[in-house]
Each structure stands twice: as C-alpha cells, then as structure tokens.
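Spelled out from the first residue to the last, the chains are:
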Amino acid sequence: MEIFLTNLECSNCEARHSSREIQTVCRSCGRSLLARYDLQSAKQQLRKEWFRSRPSTLWKYSPLLPIEKRENMISLGEEITPVLRLN
C-alpha cells in the first residue's frame with residue numbers, strides 16, 4: 001500500500017518531525033503537529049474512479065491516511081457519513 005505522507009510539521013515553528021514515530025506535539029515548542037503529504041505524487045497516482053470503486057468506509061481513503069501497514073488498520077464496521085442538503 002502506497003502512502004503519500006512525507007513528514008509531520010509543527011503548526012507553530014514549522015519544525016519537521018518524522019512521520020514514522022508516534023508523536024502528537026512538537027519537540028521544540030510543544031504545539032500540534034500537522035501531517036504533510038506529497039500531493040503532486042498523489043495527484044498523479046490517485047484517480048476519482050479508484051475512490052468511487054472502494055467500499056464506503058474510512059479505509060476508502062487509506063492512501064491519504066498515515067498508516068503504513070495493513071495490519072494496523074482497525075475497523076468497527078463504521079461507514080462514511082453521507083452529506084445531506086438542508087433546507
């Protein structure tokens with residue numbers, strides 16, 4: 001499974017952190033980390049048709065999630081919540 005996550009970046013000081021380590025805050029300033037992706041590669045390799053053909057679960061978007069191994073994917077049978085138009 002190919003993922004497009006490249007690194008984690010501090011939301012405050014922009015320090016870069018490894019995406020392969022479990023961490024939620026910047027080691028330099030303690031602020032939240034943001035996931036950064038190689039969007040150019042994702043754009044070239046992912047197609048709308050592929051997403052449409054996948055089951056309606058969170059794992060439909062697995063290439064865009066920070067999970068490297070299938071055995072780390074856990075599901076409780078949840079499905080995608082539809083977007084409904086309100087009057």
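The structure we're discussing is the one just above.
Residues numbered from 1 in each chain as written. Predicted model: local features only at pLDDT ≥ 70, side-chain atom pairs only at ≥ 80, totals over all residues. Heavy atoms only, no water.

Participant: Describe a nonpolar patch on the surface, naming the residues involved and giving the relevant values.
Facilitator: Together, Y61, L64 and I80 give the surface a local cluster of nonpolar side chains, amounting to about 230 Å² of exposed area. In this fold, I80 is placed in the segment after α2 (48-53). (Patch = residues over 30% accessible without salt bridge, like charges linked within 9 Å, V, L, I, M, F, W, Y side chains within 5 Å. Areas by Shrake-Rupley, 256 points an atom, 1.4 Å probe, with all protein chains shown as cover. Salt bridge = Lys/Arg side-chain N within 4 Å of Asp/Glu carboxyl O. Helix = DSSP H or I, 4+ residues; strand = E, 2+ residues; numbered from the N terminus.)

Participant: Account for the layout of surface pockets, naming residues and giving values.
Facilitator: Unoccupied space between atoms shows up once a probe the size of one water molecule is rolled over them. Estimated volume of the largest pocket: approximately 150 Å³. A per-class count over the lining of the largest pocket returns five nonpolar, two polar and two charged. (1 Å grid on protein atoms, 1.4 Å probe; cavity = no way out; pocket = protein on both sides within 12 Å on 5 of 7 lines; lining within 4 Å. Points joined across faces, edges and corners; volume = space filled by probe spheres on them. Nonpolar A, V, L, I, M, F, W, Y, C, P; charged D, E, K, R; others polar.)

Participant: I'd like a rundown of the sheet that holds strand β2 (residues 16-17), residues and numbers included.
Facilitator: Taken together, three strands build an open sheet; the order of strands is β2-β1-β3 and the sheet is antiparallel. Edge positions in the open sheet fall to β2 and β3 (33-37), since each of these has one partner strand only. (Pairing = 2+ DSSP bridges.)

Participant: Explain the environment of L39 to me, using residue names and the numbers behind them.
Facilitator: If you trace the backbone, L39 turns up in helix α1 (residues 39-45). Spatially, the C-alpha atom of L39 lies 9.5 Å from that of L64, the residues being 25 residues apart in sequence.

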